[in-house]
Structures are given as structure tokens and as C-alpha cells.
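Residue strings, one per chain:
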Amino acid sequence: MDEKGQTLFQEFIRADQLGIRLEMVGGLPIWEAQPVLRHQRAVDRIRDSIKPTASTGNGCGCIHVADIYIQFPDGSLKRPDVSIFCDEPEEQDEAVTMVPEAVIEVISRGYEAKDLDIGPGFYLSQGVKDVVIFNPHTLVVLHIRKEEVARHVSPVVLNLSCGCSCEV
């Protein structure tokens, strides 16, 4: 991360300490209040279900982390609710620069546009293969890939391109 990116990252960390989640997508700043309990419980349930699929031999470790800053190839900083990697990210004290295989976003009331309008196209453009969006209020689950969008109702088990599965 260059000096400008590191300074921006430090400012985002300070905002987080004040209870404001900041992201920067293609130069557009986006903010969101800290998630509520329903949101966090949904994230925890989904993370508990992530595992390699039985038919997978590709060696993906299905490593999942919640709510970490990721600096994407275009310089954008985002905090997916859940990021799934095949290998352990190396970075520890700054934003992760490894692009996740999949991201899962749980919609918070009042911030639907961030996850529905901005997120999917951005993530796919940066190399994320699977984008999953869950609305805990309507139970609608969207599974978005470059070539398709599937709509489901929770609970549903999804098989991800990397060889992991999760129940949303």
C-alpha cells in the first residue's frame, strides 16, 4: 500500500472507532453505521456454514473472514461482511490486498444501495468470482456471477466457484 493509501486507511480506522464504517469505491466515499445484532447474527450463521464442497479437489482452504478492509486492484477500499479466500491472506496490520474468491454482503436497512447497486458490479470488475447478497428482512438471496444472477429464498445452500459452499 502506498503512502496515500496508508494515510486513507488510517483515517478509515479512526472513523471506525467512532462507529462509522467508511469505504471508498472508485473514488466515491461511502459510509454506513455499524451493523445491528440481526446483521451480525446473520454473518455469524453464514460463516459457520462455509466449507469445502464434497466434490472439490481444487484445494481451496475456504478461509473466511468478517469485516476486514480490502484494498482492491483499482485502489478502492471495501469491507465485505464476509470474504472467502482459498489461501490465508499475508497482510496483518493494514488492508488486505489479496482479492477474495467470493464476498457475502448482508443488507442493512437504509444502506441497500451500497450492497445492491454499487457492490456487485464493483466486486466482479475486480476479479471476485461470486457475490452473494442476503436481505435478512425479506430472506431474498442473490448469487451473482459474471454470467448469471440467481435469486433464492433463505435458507439455501450455495456452491461457489472456488469449491466452497455456504448456507445463507
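Structural notes, computed from the coordinates. Each chain carries its own residue numbering, running from 1 in the written order of its sequence. Side-chain atom pairs in this predicted model are given and counted only at pLDDT of 80 or more, local residue features only at pLDDT of at least 70, and totals for whole chains, interfaces and linings cover all residues. As a rule here, side-chain values cover all heavy atoms of the structure and leave hydrogens and water aside.

## A few points about the nonpolar core
Then comes step 1: By size, the foremost hydrophobic cluster in this structure holds 21 residues, and its most contacted members are Ile-84 and Val-168.
Then comes step 2: The helix and strand labels rest on DSSP assignments: H or I over at least four residues marks a helix, E over at least two residues marks a strand, and numbering proceeds from the N terminus. Of all the elements in the fold, those that place two or more residues in this core are helix H2 (37-49), strand S7 (82-85), strand S8 (102-106), strand S9 (130-134) and strand S13 (164-167).
Then comes step 3: Not counting chain neighbours up to four residues away, the residues in contact with Ile-84 comprise Ile-50, Cys-62, Ile-63, His-64, Pro-100, Glu-101, Ala-102, Ile-104, Leu-160, Cys-162 and Cys-164.
Then comes step 4: Remark: nonpolar core denotes a set of buried residues (Ala, Val, Leu, Ile, Met, Phe, Trp, Tyr, Cys) joined through side-chain atoms within 4.5 Å. Three exposure classes are used, based on accessible area relative to the maximum for each residue type with a 1.4 Å probe and protein chains only: buried under 20%, partly exposed in between, and exposed over 50%. Counting residues in hydrophobic clusters, the runner-up holds 17 residues, among them Val-25, Ile-107, Val-128 and Ile-144. Working rule for contacts: check all heavy atoms of both residues, and any pair within 4.5 Å makes them a contact.

## Structural notes on helix H3 (residues 112-125)
Then comes step 1: Expected span, for any helix, means 1.5 Å times one less than how many residues it has. Between its first and last C-alpha atoms H3 spans 20 Å; for 14 residues at 1.5 Å apiece the expected length is 20 Å, and the two agree.
Then comes step 2: Note that the bend at a residue is defined as the angle between axes fitted to the seven residues ending at it and the seven residues starting at it. The largest bend in H3 amounts to roughly 50° and is located at Gly-119, with the proline Pro-120 lying one to four residues further along.
Then comes step 3: Within H3 the residues assigned to the buried category are Lys-114, Asp-115, Gly-119, Pro-120, Phe-122, Tyr-123 and Leu-124.
Then comes step 4: Residues of H3 that are buried sit in contact with strand S1 (20-25), strand S2 (28-33), strand S6 (77-78), S8, S9 and strand S10 (140-145).

## What to know about a nonpolar patch on the surface
Then comes step 1: Patch criteria: residues need more than 30% relative accessible area and no salt bridge. Like-charged residues are merged within 9 Å; nonpolar side chains of Val, Leu, Ile, Met, Phe, Trp and Tyr are merged within 5 Å. Surface accessibility in these figures is a Shrake-Rupley result with a 1.4 Å probe; residues are shielded only by whichever protein chains are displayed. We count a salt bridge whenever a side-chain nitrogen from Lys or Arg sits within 4 Å of a carboxyl oxygen from Asp or Glu. A cluster of nonpolar side chains, contributed by Leu-18, Ile-20 and Trp-31, occupies part of the molecular surface with about 350 Å² of accessible area.
Then comes step 2: Its location among the elements puts Trp-31 in strand S2.
Then comes step 3: Judged by its relative accessible area of 51%, Trp-31 is exposed.

## Points about the environment of Cys-86
Then comes step 1: Relative to the elements of secondary structure, Cys-86 occurs in the loop between S7 and S8.
Then comes step 2: Between the alpha carbons of Cys-86 and Val-103 there is a distance of 12 Å; along the sequence they are 17 residues apart.
Then comes step 3: Residue contacts for Cys-86: discarding those within four places in its chain leaves Cys-60, Gly-61, Cys-62, Ile-63, Glu-101 and Cys-162.

## Some thoughts on H2
Then comes step 1: Taking 1.5 Å per residue as the helical rise, H2 with its 13 residues ought to reach 18 Å, and the 19 Å between its terminal C-alpha atoms agrees with that figure.
Then comes step 2: Those residues of H2 not exposed but buried are His-39, Ala-42, Val-43, Ile-46 and Ser-49. Axial view of H2: buried residues confined to an arc of 130°, hence all on one face. Facing away from the buried side of H2 by more than 90 degrees, the exposed set consists of Leu-37, Arg-45 and Asp-48.
Then comes step 3: Tucked inside the fold, the buried residues of H2 contact strand S3 (51-52), strand S4 (63-66), S7, S8, S9 and S13. Think of the arc as the fan of directions from the helix axis to the C-beta atoms.

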